[in-house]
Amino acid sequence: MRLVKLLSNLGYGSQRDVRAMIKAGRVTSVAGCALGIDCQADHSDILFDGVPLDPPTGVALMMNKPVGFTCSTADPGRIVYELLPPRFARRKPIISPVGRLDRETSGLLLLTDDGDLLHRIISPRSVVTKTYKVDLAKPLRGDEAALFASGTLMLRSETKPLLAAQLESIDALAALLTITEGRYHQVRRMFAAVDNRVVALHRLRVGGMDLGELPPGEWRYIDVGDMERIFR
Ligand code: URA
């Protein structure tokens, strides 16, 4: 790929801006030679302002999403892209959230620009589990685990019952819930269906992957081994 298009697709600027950056000598080889507009250098041999380029297409990362951030590129409020390097929101192909978390939900959010990987994770055929810690407004009644596991729970305005989900209570007002689907506001609606209300929701795990020690608001790249843990 030509240098201008490569840098522009990585979000360094519009093609016009990138041309000006190249002319100003900000783009060099690792050996220190200024690169020209029509150059075809290898991604790994290019520095921008002396720093290696952001990774090429095929990126996956995990974030510990804080409450108050929307999984969107354009929202009047705060968005998860604010927590990533500013260039990431301008990349082509875009790095997208793999399934959304609500603004008021925190925890493990995966993002990737790999469309095949994204579809593999969210495809119902992959049956990737998602585990949430749920804090509730009212004590559990005691029948929720059996109802959620039954595969018969119908959410309001839906025509198909939910697949079986696993509920494990922590105490009267908190539980772990593992689901395999990703319906709109699913966890909040499941508890609304049993006359309760979710007051805090935090995603702990997607498949075999968890946040580890990643602090709230931080992110890190995921390597190939990590990706396979999603499908364990
Ligand atoms: N279920 C919800 O209700 N909200 C989320 O963010 C994720 C699952």
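Quick notes on the rules
Residues numbered from 1 in each chain as written. Predicted model: local features only at pLDDT ≥ 70, side-chain atom pairs only at ≥ 80, totals over all residues. Heavy atoms only, no water. Near = heavy atom within 4 Å. Polar contact = N/O pair within 3.5 Å; in protein donor to acceptor, adjacent residues only side chain to side chain. Areas by Shrake-Rupley, 256 points an atom, 1.4 Å probe, with all protein chains shown as cover. Nonpolar A, V, L, I, M, F, W, Y, C, P; charged D, E, K, R; others polar. Domains from an automatic or database assignment. Phe/Tyr/Trp six-rings, centres within 6.5 Å; stacked < 30°, edge-to-face > 60°. Helix = DSSP H or I, 4+ residues; strand = E, 2+ residues; numbered from the N terminus. Buried < 20%, exposed > 50% of the residue type's maximum accessible area, 1.4 Å probe, protein only. Lys NZ or Arg CZ within 6 Å of the ring centre and 35° of its normal. Contact = heavy atoms within 4.5 Å. Buried area = accessible area lost by both parts, 1.4 Å probe. Salt bridge = Lys/Arg side-chain N within 4 Å of Asp/Glu carboxyl O.

### A word on the site of the ligand
Residues in close proximity to the ligand include Leu101, Asp102, Thr105, Tyr132, His185, Gln186, Val187, Arg188 and Leu201, which together make up its full environment. Contact distances for the ligand include 2.7 Å between a nitrogen atom and a side-chain N or O atom of Asp102. Within the backbone of Arg188, a nitrogen or oxygen atom sits 3.1 Å from an oxygen atom of the ligand. Taken by itself the ligand offers 240 Å² of open surface, and the protein chains cover 96% of this. Grouping the amino acids of the shell around the ligand by side-chain chemistry returns four nonpolar, three polar and two charged. Both of domain 2 (60–124 + 208–230) and domain 3 (129–206) provide at least three residues apiece to the shell around the ligand.

### Structural notes on the packing of aromatic side chains
To describe a pair of aromatic rings, one takes the distance between the centres and the angle between the planes. Following the criterion strictly, the structure yields five aromatic pairs and no others. Measuring from centroid to centroid gives 5.3 Å for Phe148 and Phe191, while their planes differ by 85°, and the two rings are edge-to-face. Placement of Phe148 in helix 4 (residues 144–149) and of Phe191 in helix 5 (residues 186–193) is noted, with a sequence separation of 43 residues between them. Side by side, Phe148 and Phe191 carry an identical accessibility label, which is buried. Taking 5.0 Å as the distance between ring centres and 90° as the angle between the ring planes, the aromatic pair formed by Trp219 and Tyr221 counts as edge-to-face. Grouping aromatic residues by their ring pairs yields a cluster made of Phe88, Trp219 and Tyr221. Looking at Arg91, its charged tip hangs above the ring of Phe88, at a distance of 5.7 Å from the centre. The positively charged end of Arg120 is found above the aromatic ring belonging to Phe231, 3.8 Å away from the centroid.

### A closer look at the domain arrangement of the protein chain
Here the protein chain is described as being made up of domain 1 (3–52), domain 2 (60–124 + 208–230) and domain 3 (129–206). One C-alpha centre belongs to domain 1, the other to domain 2; they are set 27 Å apart. Of the residues lining the interface, five residues belong to domain 1; the matching set on domain 2 comes to four residues. It is Asn9, Leu10 and Gly11 that lose the most area in domain 1 upon contact with domain 2, and together they represent 74% of the buried surface on that side. On the surface where domain 1 and domain 2 come into contact, there are zero salt bridges.

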